[in-house]
Amino acid sequence: MAAITIEKIEKSFGATPVLGGVSLEIADGEFLTLLGPSGCGKSTLLRILAGLEVQTGGSIAIGERVVDGVRPKRRDVAMVFQSYALYPHMTVQENMAVPLRMRRLSAWQRLPLIGRLLPGTKAVVADIEKDVMRTAKALGIGHLLGRKPGQLSGGQRQRVAVGRAMVRQPAVFLMDEPLSNLDAKLRVQMRAEIKELHNRLGVTFVYVTHDQSEAMTMSDRVAVMLDGELLQVAAPQEIYADPDDRRVAEFIGSPKINMLEARARDGGLAETAGTSFSVPGNVASGTGLALGIRPEAFHLVEAGGHNILTGAVRMVEHMGSDLYVHLDVPGTDNPVIARLLAERAPQISSGQTLHLGVKPERLLLFAADGRRLRPHDPASATVLRMKERSQ
Ligand SMILES: Nc1ncnc2c1ncn2[C@@H]1O[C@H](COP(=O)(O)OP(=O)(O)O)[C@@H](O)[C@H]1O
Ligand SMILES: [Mg+2]
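Residues numbered from 1 in each chain as written. Chains lettered and ligands numbered in written order. Predicted model: local features only at pLDDT ≥ 70, side-chain atom pairs only at ≥ 80, totals over all residues. Heavy atoms only, no water.

Taking an unreviewed UniProt entry as the reference, the protein is identified by name as Multiple sugar transport system ATP-binding protein belonging to Neomesorhizobium albiziae. One UniProt comment on the protein, placed under Sequence similarities (unreviewed entry), says "Belongs to the ABC transporter superfamily." We quote the UniProt Subcellular location (unreviewed entry) comment for the protein here in full: "Cell inner membrane". (UniProt positions renumbered as here; feature names shortened; annotations may be inferred.)

How do you make sense of the overall build of the protein when you look at a structure like this?
Helices and strands together make up the secondary structure of the protein, namely 10 helices and 20 strands. When its C-alpha atoms are laid out on the principal axes, the protein stretches across 85 × 60 × 40 Å. Burial analysis of the protein (391 residues in total) assigns 46% to the buried set. Taking the intrachain contacts of the protein between residues at least 6 apart in sequence as the baseline, contacts between residues at least 24 apart amount to 65%. Of the roughly 19500 Å² of accessible surface on the protein, 52% is carried by carbon and sulfur atoms. Here the protein carries 47 positive and 42 negative side-chain charges, and the mean point of each set is 9 Å from the other. (Helix = DSSP H or I, 4+ residues; strand = E, 2+ residues; numbered from the N terminus. Buried < 20%, exposed > 50% of the residue type's maximum accessible area, 1.4 Å probe, protein only. Contact = heavy atoms within 4.5 Å. Areas by Shrake-Rupley, 256 points an atom, 1.4 Å probe, with all protein chains shown as cover. Lys, Arg positive; Asp, Glu negative; His and termini not counted. Charge placed at Lys NZ, Arg CZ, Asp CG, Glu CD.)

I'm lost on the sheet that holds strand S17 (residues 322-328) in this one. Help?
Strand-to-strand pairing in sheets goes through backbone hydrogen bonds, with the strands running parallel or antiparallel. The strand order S15-S19-S16-S17-S18 describes an open sheet built from five strands, whose pairing is antiparallel. Bordering the open sheet on either side are strand S15 (298-301) and strand S18 (336-341), each of which pairs with just one other strand. With strand direction ignored, the average angle separating the axes of adjacent strands in the sheet is 50 degrees. Where strand S16 (residues 308-318) lies against S17, six bridges are found, and the strand directions are antiparallel. Residue pairing in the sheet places Met-315 in a bridge with His-326 of S17. (Pairing = 2+ DSSP bridges. Axes fitted to C-alpha atoms, helices over the stretch in contact; angles between N-to-C directions.)

Just checking my understanding: could you explain the pairing of strand S7 (residues 172-176) for this structure?
The side chains of a regular strand alternate, first on one face of the sheet and then on the other. In terms of burial, S7 is a largely internal element, five of the five residues being buried. With burial as the criterion, each face of S7 is covered, one bearing Val-172, Leu-174 and Asp-176 and the other bearing Phe-173 and Met-175. The sheet contact formed by strand S6 (residues 77-80) and S7 spans four bridges and is parallel. Bridged to Met-79 within S7 is Leu-174. Of the pairings in the sheet, the one linking S7 to strand S8 (residues 204-209) comprises five bridges and is parallel in character. Bridged to Met-175 within S8 is Tyr-207. Taking the sense of rotation as the criterion, the β-α-β connection linking S7, helix H6 (residues 184-201) and S8 turns out right-handed. (Right-handed = clockwise from strand over helix to strand, strands pointing away.)

Looking at this structure, I do not really get the site of ligand 1. What am I missing?
Every residue lining ligand 1 is accounted for by Phe-13, Val-18, Pro-37, Ser-38, Gly-39, Cys-40, Gly-41, Lys-42, Ser-43 and Thr-44. In this structure, Gly-39 approaches ligand 1 through a main-chain N or O atom, which is 2.6 Å from an oxygen atom. At 3.0 Å from an oxygen atom of ligand 1 is found a main-chain nitrogen or oxygen belonging to Gly-41. The fraction of the free accessible surface of ligand 1 (560 Å²) that becomes covered by protein chains is 54%. Per-element tally for the shell around ligand 1: the top contributor is helix H1 (residues 42-50), with three residues. Partitioned by chemical class, the residues of the shell around ligand 1 number four nonpolar, five polar and one charged. (Near = heavy atom within 4 Å. Polar contact = N/O pair within 3.5 Å; in protein donor to acceptor, adjacent residues only side chain to side chain. Nonpolar A, V, L, I, M, F, W, Y, C, P; charged D, E, K, R; others polar.)

What is the right way to look at the packing of helix H2 (residues 92-104) against helix H5 (residues 154-166) in this model?
Two numbers describe a pair of packed helices, the interaxial angle and the distance between the axes. Look at H2 against H5: their axes get within 7 Å of each other, and the N-to-C directions meet at 30 degrees. For the element pair H2 / H5, the angle class is roughly parallel. Crossing handedness for the pair H2 and H5: right-handed. Here H2 contributes Val-92, Asn-95, Met-96 and Pro-99 to the contact with H5, which in turn contributes Val-160, Gly-163 and Arg-164. Of the residues that constitute the contact of H2 with H5, the class distribution is four nonpolar, two polar and one charged. (Parallel < 35°, antiparallel > 145°, perpendicular 65-115°, else oblique. Left-handed = near helix turned anticlockwise from the far one by under 90°.)

What's the story with the side chain of Thr-272 in this structure? I'm lost.
Here Thr-272 shows up in strand S12 (residues 269-272). The buried category is assigned to Thr-272, whose relative accessible area is 4%. Setting aside residues up to four positions removed in sequence, Thr-272 forms contacts with Leu-260, Glu-261, Ala-262, Phe-277 and Leu-291.

What follows is the structure, given as structure tokens:
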């Protein structure tokens, strides 16, 4: 088992910077997900962890050991690729045995014909077969050992790829979008299987995906990545409810968070979309702000006014227990989307005027540069008081 320390990792391909100094501590046994849009540098970071790519700057430690310059084979990590990278001409048994043969047999012993005659080969091969069988059974693919990858379904291939990574009991599992080639239903099922595998093995998992629901359902912590930079690393619920940055708030959540451009006014007010909201703290009057409101933070109220958005219904999406109501609110660029409980919402139809209230604690306030503003953060209040006392 092993913790991972990633320190100021930089990577450029030629003159193009891809990672801009990424630092991250991953705990022993943790399930950490790197989440971000395609092209943000997730695979590059994972490949550097695996030793398949060399960083331009910074350092990686796995367990107590700094592994910069250590070859992939010697890092005690195993990687599952998006493509699975199975050998098509080999059986499942042979595919799964590859990592063990590479480690336990010498180059001579691995030779097709002569190898088998060399002293010791037979016993090692028998051990390898036993280990492959044990892993295959644990993954429910024991009956597939004689087949070739072409004779397997997508889900079975995925299990074989995981099995090949598991068979030599690595301290760290690296998984790069391992579910993206599966259909939607299987993806949800395999999510649960991978999570269960993590619980069972108790080793460190670093999982890469661009799919926020994968990240949110499987991870102990999620590291949100954009343009080669980590924006926030926290538990899924915290990333969703308490984002540090406007870009995090906008990337996580479906339907997307509503973002209203606003202007601060005296008396703790922010003006936007023909109304005003109470916002915490003292933001200088005239300052540009953004108000983030999650679709489910709205509730229906009878009339317009302070802390209430008013607009005309453009469209209603029926989602079973929920309704997504798209509202044209004068003074906003995009429709506002509210998620209402179907049973609480009376017949709503297009063109109708609706009033949506928001509880003040559900407003997320962002500065013009995208930073989250938390003026009532108890920690910062304490710091302020301590400063006053020391003066
Ligand atoms: N071997 C390479 N040579 C040049 N550019 C690369 C190479 N690998 C990745 N890149 C570039 O680095 C950026 C990040 O890629 P990648 O880490 O694969 O992103 P992600 O996995 O988040 O989609 C992309 O712009 C990609 O084109
Ligand atoms: Mg990738």
